[in-house]
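Structure assessment
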Protein chains: 2
Amino acid sequence: MEEQVCYRPIGIVHSPYKEPHGVPFQPSFGRGVEGTVEVFPEYADGLANLDGFSHITLICHFHRSVGYRLRVTTPHRTGLRGVFATRAPHRPNPIGVSTVRLLGVDGNIVHIADLDIIDGTPLLDIKPYVPVFIEPDKLNNGWLEGE
Amino acid sequence: MEEQVCYRPIGIVHSPYKEPHGVPFQPSFGRGVEGTVEVFPEYADGLANLDGFSHITLICHFHRSVGYRLRVTTPHRTGLRGVFATRAPHRPNPIGVSTVRLLGVDGNIVHIADLDIIDGTPLLDIKPYVPVFIEPDKLNNGWLEGE
């Protein structure tokens, strides 16, 4: 088991959200908000074929996150919850996973919409969004239950 | 911009897949396959409330990945594609994002099914799986187009 793993950002997210306050809690709450992902030129060739997808998943480093607790409060909810049952940015490893709408790719610049990411966030990876096929009657969202 | 970001694994994935060969390309192809996530005891308290979810997303470090290319071939497909338009494990930052079925939480052990993860994979984070709501007519899967 590695003691630690280290990554180098492959780019940076440019967003109208300059501060954590006001960033939506989910990408789906940020509908219409547009931004760009600047992929560093040395990685731009890896963006080929991405434009066939309507949505992409951005893996980011929550660079404004400092420290964490294992039980956290979340917006619109009472009581403490285990941090791994939330999307709180303050986590043992502050990694964000966010699926956004892809507007287009222009060289090393990726135009995106419906984002929930703060300006200047370091980007670690991009993956195509391919829906997970789960039969609706087998899907439980723990946020909607047992308040 | 950070030069590099470093994380410490919070756990390890135990899986019947001992080698990369034979691991399904998507979790949905691994239906029925069961495994466990061993969360290191110091993080176990963060698992509270996770059992309200039917599915969870595991963020892992592809520890067997060495090196990368920006254009890659993928299974069942001809030609080279940009690595960011694929889920290939060999990527600039070898981070895996996999949504699996949650069977139950027993202390620091998380029982999962439908996995596509190799045995011994270091775990960086767990998030609840909350579906992304995308209107079907606005969704494009670039893997299914323009071979």
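Preceding this paragraph is the structure being described.
Throughout what follows, the structure given in this document is the object of discussion. (Residues numbered from 1 in each chain as written. Chains lettered and ligands numbered in written order. Predicted model: local features only at pLDDT ≥ 70, side-chain atom pairs only at ≥ 80, totals over all residues. Heavy atoms only, no water.)

This part takes up the overall build of chain A. Looking only at helices and strands, chain A has 0 helices and 9 strands in total. The order of helices and strands in chain A, counted from the N terminus, is β-β-β-β-β-β-β-β-β. For 147 residues, the compact-globule formula gives about 15 Å, and the C-alpha radius of gyration of chain A, at 16 Å, lands near that figure. Dimensions along the principal axes, computed over C-alpha positions, put chain A at roughly 45 × 40 × 35 Å. Out of the 147 residues in chain A, the part that is buried amounts to 54%. Considering only contacts in chain A between residues 6 or more positions apart, those separated by 24 or more positions represent 78%. (Helix = DSSP H or I, 4+ residues; strand = E, 2+ residues; numbered from the N terminus. Rg over C-alpha atoms; globule rule 2.2 N^0.38 Å. Buried < 20%, exposed > 50% of the residue type's maximum accessible area, 1.4 Å probe, protein only. Contact = heavy atoms within 4.5 Å.)

A few words on the sheet that holds strand 7 (residues 95-106) of chain A. Residue and element names in this part refer to chain A. Pairing is antiparallel around the closed barrel formed by 6 strands, whose spatial order is 2-3-8-7-4-9. Direction aside, neighbouring strands of the sheet carry axes that sit 45° apart on average. Here strand 3 (residues 34-39) pairs with strand 8 (residues 109-113) via 5 bridges, running antiparallel. Note that in strand 8 the partner of Gly-35 across the bridge is Ile-112. (Pairing = 2+ DSSP bridges. Axes fitted to C-alpha atoms, helices over the stretch in contact; angles between N-to-C directions.)

Below, the discussion takes up the relation of the copies chain A and chain B. Take chain A, turn it by 180°, move it 0.0 Å along the axis, and it overlays chain B with an RMSD of 0.0 Å. The transformation just described matches what one would write down for a two-fold rotation axis. Scanning chain A for the C-alpha nearest the rotation axis identifies Cys-6 of chain A, at a separation of 2.0 Å. Both copies present the same face, since 100% of the interface residues in chain A are matched by interface residues at the equivalent positions in chain B. (Least-squares fit on C-alpha atoms with pLDDT ≥ 70 in both.)

Turning our eyes to something else, we now look at the interface of chain A and chain B. Contact with chain A, which involves 66 residues of that partner, is made by 66 residues of chain B. Note on chain A versus chain B: buried area summed over both sides is about 6,300 Å², and carbon and sulfur give 60% of it. Counting across the interface, chain A meets chain B through 6 salt bridges. Seen at the junction of chain A and chain B, the total is 28 residue pairs in polar contact (both at pLDDT 80 or more). Contributions of two or more residues to the side of chain A that touches chain B are made by strand 1 (5-7), strand 2 (11-14), strand 4 (55-61), strand 6 (81-82), strand 7 and strand 9 (121-128) of chain A. Per element, the largest residue contribution to the side of chain A that touches chain B is 6 residues, and it comes from strand 9 of chain A. In terms of residue class, the side of chain A that touches chain B is made up of 36 nonpolar, 17 polar and 13 charged. As judged from the 3 bridges shared by strand 1 of chain A and strand 1 (residues 5-7) of chain B, these two strands associate in the antiparallel manner. (Buried area = accessible area lost by both parts, 1.4 Å probe. Salt bridge = Lys/Arg side-chain N within 4 Å of Asp/Glu carboxyl O. Polar contact = N/O pair within 3.5 Å; in protein donor to acceptor, adjacent residues only side chain to side chain. Nonpolar A, V, L, I, M, F, W, Y, C, P; charged D, E, K, R; others polar.)

The next subject is the state of the cysteines. One pass over the structure, following the stated rule, counts 1 disulfide over all chains. The residue that forms a disulfide with Cys-6 of chain A is Cys-6 of chain B, at a sulfur-sulfur distance of 2.1 Å. Since a negative S-S torsion denotes a left-handed disulfide, the Cys-6 of chain A-Cys-6 of chain B link at about 110° is right-handed. With Cys-6 of chain A in strand 1 and Cys-6 of chain B in strand 1, this residue pair bridges two chains. Judged by its relative accessible area of 35%, Cys-6 of chain A falls in the partly exposed class. Lacking any disulfide linkage, Cys-60 of chain B is separated from the closest cysteine sulfur, that of Cys-6 of chain A, by 17 Å. (Disulfide = S-S within 2.5 Å.)

Another point: the pairing of strand 2 (residues 11-14) of chain B. A regular strand carries its side chains on alternate faces of the sheet. Where strand 2 of chain B meets strand 3 (residues 34-39) of chain B, 4 bridges bridge the pair, whose relative direction is antiparallel. Bridging from a neighbouring strand, Gly-11 of chain B pairs with Val-39 of chain B of strand 3 of chain B.

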